[in-house]
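Understanding the architecture of this molecule
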Amino acid sequence: MKGIFKYTYSCFIISVLLYGSTPVLGSLTGRQLFTIIMLIQCLLKEKRIYWDKYLSIYICFYFFFGLSCSIVGTMEYFFHNLLGYFVVSYVLYYATRICLISYGHKLLTLTLIGVGLLDSVVTILQYYNYSIVANAICTFLKFNMDDRVRIQMESANDILSGVSIPGIFLSPVENGLFLMICTIISITLIVNRLNSIRRIILFLVVYIIFVFTSFVCQQRAPFAAGVFFSVCLLYKITKGRYRIIMIAVSSCLAYFILSNMDLGRFEDFGDMGTRADIHNYSQNYINEHFFLGGIEDYRNRHVFSPHNLIYNAIIYSGIFGAVFVFLLLFKQICLIGRNIWFNPTSLAAVFGFIYLGCTFESWTHNVSIVTGTAIYWIIWSAFLTCVQYKQLEFK
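The numbers attached to residues start from 1 for each chain and follow its sequence in the written order. Only residues with pLDDT of 70 or above have their local features reported here, since the model is predicted, and side-chain atom pairs are shown and tallied only from 80 upward, although totals for entire chains, interfaces and linings are computed over all residues. Note: side-chain values were computed over all heavy atoms of the structure, leaving out hydrogens and water.

**Thoughts on the side chain of His302**
The residue His302 is located in the loop between helix H13 (295-301) and helix H14 (309-342) in this model. Throughout this description, buried means an accessible area under 20% of the type-specific maximum (1.4 Å probe, protein chains only), exposed means over 50%, and partly exposed covers the range between. With relative accessibility at 17%, the residue His302 sits in the buried group. Helix and strand definitions here come from DSSP, where helices need a minimum of 4 consecutive H or I residues and strands a minimum of 2 consecutive E residues; each element is numbered from the N-terminal end.

**Side note on the environment of Cys11**
Along the chain, the position of Cys11 falls in helix H1 (residues 2-18). Distance in space between the C-alpha atoms of Cys11 and Thr111 is 9.0 Å, their sequence separation being 100 residues.

**Regarding the packing of aromatic side chains**
Note on ring pairs: Phe, Tyr and Trp rings are taken, using the six-membered ring of Trp, and paired if centres are within 6.5 Å. Classes follow the plane angle, with under 30 degrees stacked, over 60 edge-to-face and the rest tilted. Using the criterion set out here, one finds 36 aromatic pairs in the structure. Their ring planes at 5 degrees and their centres at 6.3 Å tell us that Phe61 and Phe65 sit as a pair that is stacked. Residue Phe61 and its partner Phe65 are both found in helix H3 (residues 53-72); the two are separated by four residues, about one turn of the helix. Of the residues examined, Phe61 reaches a relative accessible area of 0% and is grouped as buried. Taken together, a centroid distance of 5.4 Å and an interplanar angle of 65 degrees make the contact between Phe228 and Phe229 edge-to-face. Residue class for Phe229 comes out buried when judged on its relative accessible area of 14%.

**Considerations on helix H6 (residues 131-140)**
Buried within H6 we find Ser131, Ala134, Asn135 and Cys138. Each buried residue of H6 sits inside an arc of 90 degrees when the element is viewed along its axis, so together they form one side. Looking at H6, the residues exposed on the side facing more than 90 degrees away from the buried face are Ile132 and Phe140. Arc definition: it is the arc formed by the directions from the helix axis to the C-beta atoms.

**Here's the deal with the packing of helix H10 (residues 220-237) against helix H15 (residues 347-362)**
In helix packing, the relevant descriptors are the interaxial angle and the interaxial distance, both defined with respect to the helix axes. Axis lines are fitted through C-alpha atoms, for helices just across the contact stretch, and the angle between N-to-C directions can take any value from 0 to 180 degrees. Contact pair H10 / H15: the axes reach a minimum separation of 9 Å and the direction vectors enclose 155 degrees. Between H10 and H15, the interaxial angle falls into the category roughly antiparallel. Here the hand of the crossing between H10 and H15 comes out right-handed. Contacts between H10 and H15 involve Ala221, Pro222, Ala225, Phe229, Cys232 and Leu233 from the first element and Ala349, Val350, Phe353, Leu356, Gly357, Phe360 and Glu361 from the second. Split into classes, the residues belonging to the contact of H10 with H15 amount to eleven nonpolar, one polar and one charged. When describing relative orientation, an angle under 35 degrees is termed roughly parallel and one over 145 degrees roughly antiparallel, while 65 to 115 degrees is termed roughly perpendicular and anything else oblique. In this scheme the crossing of two helices becomes right-handed for a clockwise turn of the near helix relative to the far one and left-handed for an anticlockwise turn of less than a right angle. What makes two residues a contact is simply this: any of their non-hydrogen atoms within 4.5 Å. Residues are sorted three ways: Asp, Glu, Lys and Arg are charged, Ala, Val, Leu, Ile, Met, Phe, Trp, Tyr, Cys and Pro are nonpolar, and all the rest, Gly among them, are polar.

**What to know about a nonpolar patch on the surface**
Distance thresholds for patches are 9 Å for like charges and 5 Å for nonpolar side chains (Val, Leu, Ile, Met, Phe, Trp, Tyr), applied to residues having over 30% relative accessible area and no salt bridge. Surface accessibility in these figures is a Shrake-Rupley result with a 1.4 Å probe; residues are shielded only by whichever protein chains are displayed. Every case where a carboxyl oxygen of Asp or Glu lies within 4 Å of a side-chain nitrogen of Lys or Arg is listed as a salt bridge. Side chains of Phe63, Leu67, Ile71, Val72, Phe290, Phe291, Leu292 and Phe320 sit close together on the surface and give an oily, nonpolar patch of about 750 Å² of accessible area. Here the element with the most residues in the nonpolar patch is H3; it accounts for four residues. Note on placement: Phe290 falls in the loop between helix H12 (275-288) and H13. Judged by its relative accessible area of 35%, Phe290 is partly exposed.

**Focus: unusual backbone geometry**
The residue Lys47 is not glycine, and still its phi comes out positive at about 65 degrees. With respect to the element layout, Lys47 can be found in the loop between helix H2 (30-46) and H3. Lys47 sits in the exposed class, given a relative accessible area of 68%.

**Brief notes about the pattern of salt bridges**
Throughout the structure, instances matching the rule amount to four salt bridges. The closest approach of N and O atoms between Glu46 and Arg48, which form a salt bridge, is 3.8 Å. Judged by relative accessible area, Arg48 falls into the partly exposed class, the value being 39%. One salt bridge in this structure joins Arg301 and Asp297, with 3.3 Å as the shortest N-O distance. Separated by four residues within a single helix, Arg301 and Asp297 lie in helix H13, roughly one turn from each other. Residues participating in the shared-partner salt-bridge network are Glu46, Arg48 and Arg97.

**A word on helix H16 (residues 374-389)**
In an α-helix, one turn spans 3.6 residues, which is why side chains three or four residues apart end up on the same side. Under the 1.5 Å per step criterion, the end-to-end length of H16 is 23 Å for 16 residues, consistent within 8% with the ideal 22 Å. Taken across its 16 residues, H16 has 13 buried, putting it largely inside the fold. Downstream of H16 by a residue or two, Lys390 has a phi angle that is positive, lying close to 45 degrees. For a helix, the expected span equals 1.5 Å multiplied by the residue count minus one.

**Thoughts on the nonpolar core**
Working definition of a nonpolar core: buried Ala, Val, Leu, Ile, Met, Phe, Trp, Tyr and Cys residues. They are joined through side-chain atoms within 4.5 Å. If you look at the biggest cluster of nonpolar residues, it comprises 120 residues, and the most contacted ones within it are Tyr9, Phe351 and Trp380. Not counting residues up to four positions away in its chain, the partners in contact with Tyr9 are Met38, Ala95, Thr96, Cys99, Leu107, Leu108 and Ile378.

Geometry only, nothing functional implied.
Here it is as structure tokens:
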């Protein structure tokens, strides 16, 4: 049973990340199939439905989201989100908790790092215009690549003219978010291993790969968050010669990127591009639909999603549902901040910094707990479990 659970959990994460809409059994997608299997295994292992106060707050948001959809007349969209995102995220949340309690953090972290390394290979190939090879890998592994993005990546235009790179994901935004997560989570490779030269070298190689790939992905917000939070964490957990090594490696990597690479979109780091227009339209829509919201109606009128956590919360569920999103976020940030302040060298701090990076990404892109991005619930469950069970410390 132990081996089956571990294997299923890794496959579940991979299916959610990479095979979301790919049918594997009739019309049943990989994500749906492993959600059912994983939920059954969780219930058999725990003999109960897991629930906590954070899920209670989130379900209140979902109630008002459903109310908004029922009034606007888009209940089909609500049930699609309920089954396709909320249920999947809940099972991930539940399974991640069991995984960390029963087997520690390695199954989760190594699964994410493994997917991240494969993504890095494909992203770098796309960056250097080996798109045919990159797409051959994705086709061989049957990843559900978006046709529009693939065509864009196969075009003759220079990647650095401003195009972000999707890697093995459906979009560059998802790729940038995941690479940010991998950049920070790679630090778990040296948990209790700072006296092992081989482990330090392994970490440095993996860390450099993720930082470099995050840069060439050309997603500015997650790159900045990944580098900033990982450096903060490394500074806290290292001392003496180890800290000097980390600073030296980081400085050399920064020098290489700045002196040898075309900065591309990073030359206009603060340029919001068309996002200002998106925000203006979102504000106008909120002024007209402050109490009810209506995300499907919004998308029918405007081609782009809101690209902001606050705007998404209000447009999805109206102001009443958004209040619960803000309450949940407030509680999460307070708990993370308190843990990082008093216990900055804990495994929980790693997941805490990752969640802060994910939240930062929510302010500039259309990924968040509101939109049902599953990776948020994996990271939050891992952080919360580490806090509650006081798992591994850095030494």
